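Take a look at the letters that make up each chain.
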Amino acid sequence: MSNYHLNYLEELEAESIYIFREVAAQFERPALLFSGGKDSITLVHLAKKAFAPGKIPFPLVHIDTGHNFPEALTFRDWLANEVNATLTVRKVEDTIKQRSLTEPKGKFPSRNWLQTYTLLDTIEEFKFDCCIGGARRDEEKARAKERIFSVRDEFGQWNPKLQRPELWNIYNGRIHKGENVRVFPISNWTELDIWNYIRKENIGLPSIYFSHEREVIEHEGQLVAMSEYVQPSADDIITTKKVRYRTVGDMTCTAAVESTASTLDEVINEIISTKISERGETRIDDRVTEAAMEDRKKNGYF
Amino acid sequence: MDLLRFITAGSVDDGKSTLIGRLLYDSKNILIDQLEALEKSTKNRTDGSVDLALLTDGLRAEREQGITIDVAYRYFTTPKRKFIIADAPGHVQYTRNMITGASNANLIIILVDARQGVVEQTRRHSIIASLLKIPHVVVAINKMDLVEYLEDVYNNIVIDYANVAKQLGLKDVIYIPISALNGDNIVDKSTAIDWYMGKPLLELLEEVEIDNDINLTDARFQVQLVIRPQTDDLHDYRGYAGKVISGIYKKGDKVTVLPAGIETTISKLEVGGEEVEEVFAPQSVVIQLADDIDISRGDAITKVDNQPQVNNELEVLLCWLDDKPLVPGNKYYLQHNSRLVRAVVKQIDYKLDVNSLDQQPVEGNVKLNEVVKATIKTAAPLVFDNYEKISANGSGILVDETSNSTVAAVLFK
Ligand SMILES: Nc1nc2c(ncn2[C@@H]2O[C@H](COP(=O)(O)OP(=O)(O)O)[C@@H](O)[C@H]2O)c(=O)[nH]1
Ligand SMILES: [Mg+2]
């Protein structure tokens, strides 16, 4: 094997950086949608490398559901400051008031669906023509079908039957006024690739990705953290367990994993030996129907 | 560990999705909950088996119709390699989606139904493989279980396909008899096909040599964007960010900036903000030059002693991918990596018959999925290579000015 050889992580990194640079060059007002999870933290790291020694030429935008883990918010603010990026936060809470939307009810009232409204309003407010997201194709079947440059119409809708051919590494970001493009630079990364890259690059993560003690209740075999947003029923038993998070979303729809893994090596070992997918293990809301993600994307969701 | 990208192709129902499902399943890359979902959605099947194709058919319409409409990407890893699979649709009308998946592949698995042999879609996909110069071709003769695993059936198909391969100039084609449904010769060697002396499919995929797929001889680089921080400490910094398309660049190399034709020297190379002595394909890098030259997005930096073609009139092969036909004389945008120029299709010389590869006269407009030889004139010169020499610098797309759709794949002659 020659010295001029990239291993798979280096190849994925090179591809992602190339995509970031295409975004910066092709769009007038791009934004990076930052959720606070490991995927968007990895995105920020890649963006930093793509434009070094310059700064990241677009803002980080957080659509704040109001149901976040406080640790993730602290980390978000720290990271934006660290990379010297503009951070724009728009709150689902405000959209609910302005548009008098109905809050979902129940034990775990997820605002996941309502996020789309805030996202579309934010795109409109700032006239973003491109939103960069950290979705990966290995996460879910509908995502496995989406292009890296995914054109959305004026309503933010994805039309899976009208996707542009995407040939070689040539990305066509031309759009009409009012449309926008969702770009997914880490489409081809798997969960394990992300973790291995985080270890290789020594990327910092919010503390909840590592083992810690937390009050949880059990719901259909999943552990949900107690918080002000969760409404336990009378027969729920609240226990304290050693847990970590495999993904970080809303407190109402992200489940914890019982774990004592407190270092990256330990976390990666656990993920290698797990028998359940990331979504299956940690998302409480996604198990509803097989087409849940496709339907949401068609409505403007990421 | 390296990365192999491959695509499964072949006619509808030849077993592409099943094969991928089987590869993932037998190499233990399917997790419990995904399997449960699969079993649930297969419940209403009469024979009680799980339908492995449902692992990749991710759209509602696909599951409803039991067909693959668009490419799905799947990922799996063995101790030897990481794989990215593109599961492509077989229908003629979705050929453009198949080309999407094929354009990045190191390897193509062309499935043939043992009962049907080589059919029109086998040829069409083989032609695409040959046009796109996919470096490695595996022909998997599937559904061997339905022909009693007979060696004769296999041999006859191999002879048939060898003719196609010869006609298309496909070299080093590997043949393998399989049953995707039963798992014969997928991960483990089949006992039912004891007459086959070769390796099972997964082993082939793990061992195929892909180091030479990247051209490290002819150095090509195109500027994606100019990095100018304009801060106090980096006041005069001017770096050209882009991907090394092919070849190797070293600090001190004498280079020519094209199409302007100005010579200068590489003064500094960076990867991810760190200075390095040399860079190579397919790294994303930043190049700094000794002289202050006016360079912008789409310009090329090449070595003085190894030059690409520079021209505003191009001989090309066009694969037409849009429902709207190509009207000769119409204007489009031509995008060649990051370079975007206006272009007009001046002349269409002939059409390639996808069955015989014969050159045929074109009557009227060029329609979806047709492949034609054409002459394109661009508003500004392009810096390019023959696709067969450096595919990454020899390809482009046509974009419709009015719909913004990607309407054609362009291969430079
Ligand atoms: N008997 C048999 N049936 C197969 C085999 N491979 C696939 N099939 C069946 O052929 C049909 C089409 O398979 P599918 O994977 O959807 O084909 P695709 O259109 O190429 O993706 C399904 O009913 C499969 O179960 C095989 O090796 N043997
Ligand atoms: Mg299929």
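Please read these numbers as outputs of a predicted model, since none were measured by experiment.

## What about the overall build of chain B?
Step number 1: The helix and strand inventory of chain B stands at seven helices and 22 strands.
Step number 2: Taken over the C-alpha trace, chain B has a radius of gyration of 24 Å; the compact-globule value for 413 residues is 22 Å, and the two agree within 12%.
Step number 3: Viewed in the frame of its principal axes, chain B has a C-alpha envelope of about 70 × 50 × 40 Å.
Step number 4: Out of the 413 residues belonging to chain B, those deemed buried represent 60%.
Step number 5: Considering only intrachain contacts with a sequence separation of at least 6, the fraction spanning at least 24 residues in chain B is 70%.

## So, the site of ligand 1
Residue and element names in this part refer to chain B.
Step number 1: Asp13, Lys16, Thr18, Asp145 and Ala180 are the nearest of the 16 residues found near ligand 1.
Step number 2: Between ligand 1 and threonine 18, the relevant distance is 2.4 Å, taken from an oxygen atom to a side-chain nitrogen or oxygen of the residue.
Step number 3: Serine 179 has a polar side-chain atom sitting 3.1 Å from an oxygen atom of ligand 1.
Step number 4: Here ligand 1, which alone exposes 580 Å², has 83% of that area covered by the protein.
Step number 5: Looking at the shell around ligand 1 element by element, the count peaks at three residues for helix α1 (residues 16-26).
Step number 6: By residue class, the composition of the shell around ligand 1 is five nonpolar, six polar and five charged.

## So, the domain arrangement of chain A
Residues and elements named next belong to chain A.
Step number 1: In terms of domains, chain A is made up of domain 1 (8-193 + 291-298) and domain 2 (206-286).
Step number 2: Taken over C-alpha atoms, the centre of domain 1 sits 24 Å from the centre of domain 2.
Step number 3: Summed over both sides, the interface between domain 1 and domain 2 buries roughly 2,500 Å², with carbon and sulfur atoms accounting for 55% of that surface.
Step number 4: The tally of links from domain 1 across to domain 2 stands at two salt bridges.
Step number 5: For the pair domain 1 and domain 2, the interface holds four residue pairs in polar contact (both at pLDDT 80 or more).
Step number 6: Where the side of domain 1 that touches domain 2 is concerned, the elements lending two or more residues are α2 (38-51), α3 (70-82), α6 (191-201) and α9 (292-298).
Step number 7: Among the elements that line the side of domain 1 that touches domain 2, the one with the most residues is α3, at four residues.
Step number 8: Of the residues belonging to the side of domain 1 that touches domain 2, the class tally is nine nonpolar, nine polar and 10 charged.

## Some remarks on the state of the cysteines
Step number 1: If you walk through the whole model with that rule in mind, you get zero disulfides over all chains.
Step number 2: A:Cys131 takes part in no disulfide bond, and the closest cysteine sulfur, belonging to A:Cys130, lies 6.5 Å away.

What counts, and at which threshold
For every chain, the first residue of its written sequence is number 1, and the numbers climb from 1 along that sequence. Each chain gets a letter, beginning with A, and each ligand a number, beginning with 1, in the order they are written. pLDDT decides what is reported in this predicted model: residues at 70 or higher carry local features, side-chain atom pairs at 80 or more are listed and counted, and totals for whole chains, interfaces and linings draw on all residues regardless. Each side-chain value is derived from all of the structure's non-hydrogen atoms; neither hydrogens nor water enter the calculation. For helices the rule is a DSSP run of H or I covering at least 4 residues; for strands it is a run of E covering at least 2, with both sets numbered from the N terminus onward. C-alpha atoms define the radius of gyration in this analysis, and the globule rule sets the expected value at 2.2 Å times the number of residues to the power 0.38. Exposure is judged per residue with a 1.4 Å probe applied to protein chains only, and the accessible area is read against the type maximum: over 50% gives exposed, under 20% gives buried, and values in between give partly exposed. For this analysis, residues touch if any pair of their heavy atoms sits within 4.5 Å. Nearness of a residue to a molecule or strand requires only that one of the residue's heavy atoms be within 4 Å of it. In the analysis that follows, any N or O atom pair within 3.5 Å is treated as a polar contact, provided that within protein one partner can donate a hydrogen and the other can accept it, and provided that, for residues neighboring in sequence, both atoms belong to side chains. Exposure was quantified through the Shrake-Rupley algorithm and a 1.4 Å probe, taking into account, for residues, occlusion by the shown protein chains and nothing else. Lys, Arg, Asp and Glu make up the charged group, whereas Ala, Val, Leu, Ile, Met, Phe, Trp, Tyr, Cys and Pro make up the nonpolar group; the residues left over, Gly among them, are polar. By convention here, the domain bounds are inherited from an automatic or database domain assignment. Summed over both partners, the accessible area (1.4 Å probe) lost when two parts come together is defined as the buried area. One speaks of a salt bridge when a side-chain nitrogen belonging to Lys or Arg is within 4 Å of a carboxyl oxygen belonging to Asp or Glu. Here, the term disulfide refers to a pair of cysteine sulfur atoms separated by no more than 2.5 Å.

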